[in-house]
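# Close look at the chain arrangement
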Amino acid sequence: SISPPQKQLYRGCYGTPAHRFHDLPPGIRRDRIVPDDYGSRRAAQREAHGMAPDQPLLLFVGSGFRTKGLDRALRALAALGDRRAHLFVIGRDKTGPYRRLAHRLGVADRVHFLGGRDDIPAWLWAADVLLHPAYAENTGTVLLEAAVAGLPVVTTDACGYAPWVGHAEMGTVIDADAVTDTALKQALEAILAADRLRWVEQGRAFAETADIFDLVEHAVDCITGEEEAG
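Residues numbered from 1 in each chain as written. Predicted model: local features only at pLDDT ≥ 70, side-chain atom pairs only at ≥ 80, totals over all residues. Heavy atoms only, no water.

So, about the pattern of salt bridges. As enumerated under the stated definition, the model contains 14 salt bridges in all. Arginine 41 is paired through a salt bridge with aspartate 37; the nearest N and O atoms lie 3.0 Å apart. Of the residues examined, arginine 41 reaches a relative accessible area of 40% and is grouped as partly exposed. For aspartate 37, a relative accessible area of 35% corresponds to the partly exposed category. Residue aspartate 82 pairs with arginine 84 through a salt bridge whose shortest N-O separation is 2.8 Å. A single salt-bridge network, built from bridges that share partners, covers Arg29, Asp31, Arg32 and Glu145. (Salt bridge = Lys/Arg side-chain N within 4 Å of Asp/Glu carboxyl O. Buried < 20%, exposed > 50% of the residue type's maximum accessible area, 1.4 Å probe, protein only.)

Where helix α3 (residues 70-79) contacts helix α8 (residues 181-193), the two axes come as close as 9 Å, and the packing angle between them is 65°. As summarised for this structure, α3 and α8 are arranged roughly perpendicular, according to the angle between their axes. Both α3 and α8 take part in a crossing whose hand is right-handed. Facing Arg72, Arg75, Ala76 and Ala79 of α3, the residues of α8 in contact are Asp181, Leu184, Lys185 and Leu188. Looking at the contact of α3 with α8, its residues break down into 4 nonpolar, no polar and 4 charged. (Axes fitted to C-alpha atoms, helices over the stretch in contact; angles between N-to-C directions. Helix = DSSP H or I, 4+ residues; strand = E, 2+ residues; numbered from the N terminus. Parallel < 35°, antiparallel > 145°, perpendicular 65-115°, else oblique. Left-handed = near helix turned anticlockwise from the far one by under 90°. Contact = heavy atoms within 4.5 Å. Nonpolar A, V, L, I, M, F, W, Y, C, P; charged D, E, K, R; others polar.)

The next point concerns the environment of arginine 110. Locating arginine 110 in the fold gives a position in the loop between α4 (96-105) and β3 (111-115). Its relative accessible area of 7% is what places arginine 110 among the buried residues. Between the alpha carbons of arginine 110 and tyrosine 10 there is a distance of 42 Å; along the sequence they are 100 residues apart. Other than its neighbours up to four places away in sequence, arginine 110 contacts Leu77, Asp82, Arg83, Ala85, His86 and Leu87.

Our next topic: the packing of α3 against α4. The relative placement of two packed helices is expressed as an angle between their axes plus a distance between the axes. Where α3 contacts α4, the axes come no closer than 10 Å and their chain directions differ by 20°. Comparing their axes, α4 and α3 come out roughly parallel. In terms of crossing hand, the pair formed by α3 and α4 is right-handed. Counted together, Leu70, Asp71, Leu74, Arg75 and Ala78 of α3 and Tyr98, Leu101, Ala102 and Leu105 of α4 form the full contact between these two elements.

Now the structure itself:
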């Protein structure tokens, strides 16, 4: 099992005894970890997309915009006091409804739909906060990718991996039943006001100590252990 919600779902449907489950780590890719040349990579990525060093760059990553809360992210951008902030959206989904919402909120010129991309690490290092206010999310791998990249997160406890964010002190986890524009705005403002290097150092420390990378190895150990026991 890769997340507590998933395990509970299976147990609820099939009545599988708890002892037959083996919890696996998330399996995060190590190429997300803050690199030694983080500063230069961050500056180059931001400059390439017209973002000044002190301009807030909010990042949303994930296909399935509705369940991952892109509407909430757009409203949070509109509520944010700093009108220099931009939101970059990475993921494959229909953009029409969200472009129209951005227009109604008056932030269309500050929202950028990038589609699916294969340069996610570069964006994690360039951004100032990952905004992931999901309605439902079995795991939320991007939350941990952001954390090891030194990028603070604003998310909800509807995500299976949200507890890791709290444990690493890498952002804010909002109660799924208490998500409001004001709550998101306040969480964003607190993160953006903090020292950026603080997040980078906490991300490095998290990557060094957390058991979140070796999913395959743990799975093999579980399987071979069961075979030997059998």
